[in-house]
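Here is how the chains run, residue by residue.
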Amino acid sequence: MLDDENVRVVQAKALQKVADDVKALTKQAGQAGLTPAAGDALMRGFLQDGADLLEMQTDALMTNAVKNKINRLTDLCLDNVRQLAEKGIHSEGSCEKLKDACIYFLRRKREQDACKIAEIFKYMAYNHKELRGFILKLLGMIGCVAMKSKQTQLALQCVDVIMSSMHDLQAGDEEIEHTALDMLQELAAMAGRMRDEAAFNAVISKVAVHYATEKVVLVGRRLEAFLLDLMFIAADRRYVNSLPMLRWISLRLVRNASTSREEQKKFLLEWSVLAAQMANRNWFNETKILLDGIFIFLTREQEMELTRTVLTSLAGQFQMHSQWDGFAGSFKIYKAWHNYLLVVLDRAVLGKYADEEERLDDIRFILRNQRDMLVLTARLTMQEEQVLFHQWLQLWLEENKGNPRRQKRVRRFVQLTAQFWHMTQPKSSKKQWPLLQDIFEPSALSKKYWHYLTQVV
């Protein structure tokens, strides 16, 4: 119920005055050859009349006839403002007046009317680059309020306008792309907080479509932070349908020519840390999707420096996970990492190298990395190394049951690592070595792999 003290009656004379003004302005707007000054005056007039009409409705007692008349006049004002905005006309203070009108409609659940204003902002942002940053911030605020009040159509309309402002950006437009990503991140985060998976996916899909066509990324580091934040939200909310889209955008980003190796390295490390956070929750699907994305990139790039960085990071994460969840639990959640190791080793042994020393360095790193992982994990879990070698082989073979070819590669990898451990640390492995002989039955070490093993010790 309205408070009696706040109830007003719409005065017929005041309404008629506004109606006459809207009619006169509409007639002027229909004339050809409007000058910029005339267009500015018209836009200010329509916006002022629209504000007066909204003011009349606030806490007012009206008949349906009066209400309908006010709505028709308001629509006419907005239509005229949109047409002027399409022509590139803008008046000082128009953005603030449009924002106030949009909030008015939003609070009264008049979502369609609010969407009309978002469309006007699109034309203003397109025609006036100097206003674009300010308009993007307004849209971000409006979109978040809309998302919070479950007016998703308006929120996604704001996303569309933000995305349209990012087309064909050039050097010097870094601030625009930065602001746009800030607003998109806030909108996606709000969808996550509201547990609206459909809206979250819609934001991500629009970003994916944009970066599928745009070749230039002006603010790579900001986009990386944007993607990592959204990957965390998707994983944290267990939006497994969103993660592949984010992974796809991330792969395009890190392979973009504007992204340096150092930036790639930092991004992939932060990505691996995010995977570790999900692993610590024992969320298998989320961890696998995140890790697979990293390995897809590394497989395509075949850049060993990046690969070494990521493998070292994952080895440390595996060890820490083993300390509280045991070796078996850690292996299960990091299974994708172990399977990728088979690819890395085969590539190092069988791939083409211009420098044979570089090949040996890569093979040595892989075996040393895994040897150290087993040795340090044994210390953290207070077990003997030979126990973990047996467990490692058994778990890995079970995971590849029904795939004899993969099982042979698994045996070869474990046997190489065990031999490398014994040959490089003979004193510490001497007592346990006799207990490890059964893992070499049957032997999977071909002459080529054995040759390279002897070369890297």
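As shown above, the structure is provided for reference.
Read on for a plain summary of the structure. (Residues numbered from 1 in each chain as written. Predicted model: local features only at pLDDT ≥ 70, side-chain atom pairs only at ≥ 80, totals over all residues. Heavy atoms only, no water.)

**Some thoughts on the overall build of the chain**
Now for step 1: Secondary structure summary: the chain contains 20 helices and 2 strands in total.
Now for step 2: At 32 Å, the chain has a C-alpha radius of gyration far larger than the 23 Å of a compact globule built from 457 residues.
Now for step 3: Based on the C-alpha atoms only, the size of the chain along its principal axes is roughly 105 × 50 × 35 Å.
Now for step 4: Within the chain, buried positions represent 51% of all 457 residues.
Now for step 5: Sequence-distant contacts, at least 24 apart, represent 74% of the contacts inside the chain between residues at least 6 apart.
Now for step 6: Positive and negative side-chain charges of the chain, numbering 63 and 57 respectively, have mean locations separated by a distance of 5 Å. (Helix = DSSP H or I, 4+ residues; strand = E, 2+ residues; numbered from the N terminus. Rg over C-alpha atoms; globule rule 2.2 N^0.38 Å. Buried < 20%, exposed > 50% of the residue type's maximum accessible area, 1.4 Å probe, protein only. Contact = heavy atoms within 4.5 Å. Lys, Arg positive; Asp, Glu negative; His and termini not counted. Charge placed at Lys NZ, Arg CZ, Asp CG, Glu CD.)

**A look at the side chain of Arg-412**
Now for step 1: One can find Arg-412 in helix α18 (residues 404-424).
Now for step 2: Ignoring any residue separated from it by four or fewer positions in sequence, one finds Arg-412 in contact with Asp-346, Ala-444, Leu-445 and Tyr-449.

**What to know about unusual backbone geometry**
Only a minority of non-glycine residues have a phi that is not negative, and only a minority of peptide bonds are not trans.
Now for step 1: A cis amide bond links Glu-441 with the next residue in sequence, Pro-442, at an omega value of -5°.
Now for step 2: When you line up the elements, Pro-442 lands in the loop between α19 (426-429) and α20 (447-456).
Now for step 3: Despite not being glycine, Arg-238 has its phi angle at roughly 65°, a positive value.
Now for step 4: Locating Arg-238 in the fold gives a position in the loop between α10 (220-236) and α11 (243-254).
Now for step 5: Look at Met-382: it is not a glycine, yet its phi comes out positive at around 55°.
Now for step 6: The exposure class assigned to Met-382 is exposed, which follows from its relative accessible area of 75%.

**Here we look at the pattern of salt bridges**
Now for step 1: The full count for this structure, using the stated rule, is 24 salt bridges.
Now for step 2: With its nearest N and O atoms 3.4 Å apart, the salt bridge here joins Arg-412 to Asp-346. On the criterion of sequence distance, the pair formed by Arg-412 in helix α18 and Asp-346 in helix α15 (residues 335-350) is long-range, its members being 66 residues apart.
Now for step 3: Look at Arg-412 and you get buried, because its relative accessible area is 12%.
Now for step 4: Within the structure, one salt-bridge network assembled from shared partners comprises Asp-75, Arg-110, Asp-113 and Lys-116. (Salt bridge = Lys/Arg side-chain N within 4 Å of Asp/Glu carboxyl O.)

**Examining helix α6 (residues 129-148)**
Now for step 1: With 20 residues, α6 should cover 28 Å at 1.5 Å per step; its first-to-last C-alpha distance of 29 Å lies within 8% of that length.
Now for step 2: Those residues of α6 that fall on the buried side of the exposure criterion are Leu-131, Arg-132, Ile-135, Leu-136, Leu-138, Leu-139, Gly-140, Ile-142, Gly-143, Cys-144, Ala-146 and Met-147.
Now for step 3: On its buried face, α6 is in contact with α4 (94-107), α5 (111-127), α7 (152-164), α8 (174-193) and α9 (197-213).
Now for step 4: At the C-terminal side of α6, Lys-150 shows a positive phi close to 65°. (Expected span 1.5 Å × (residues − 1).)

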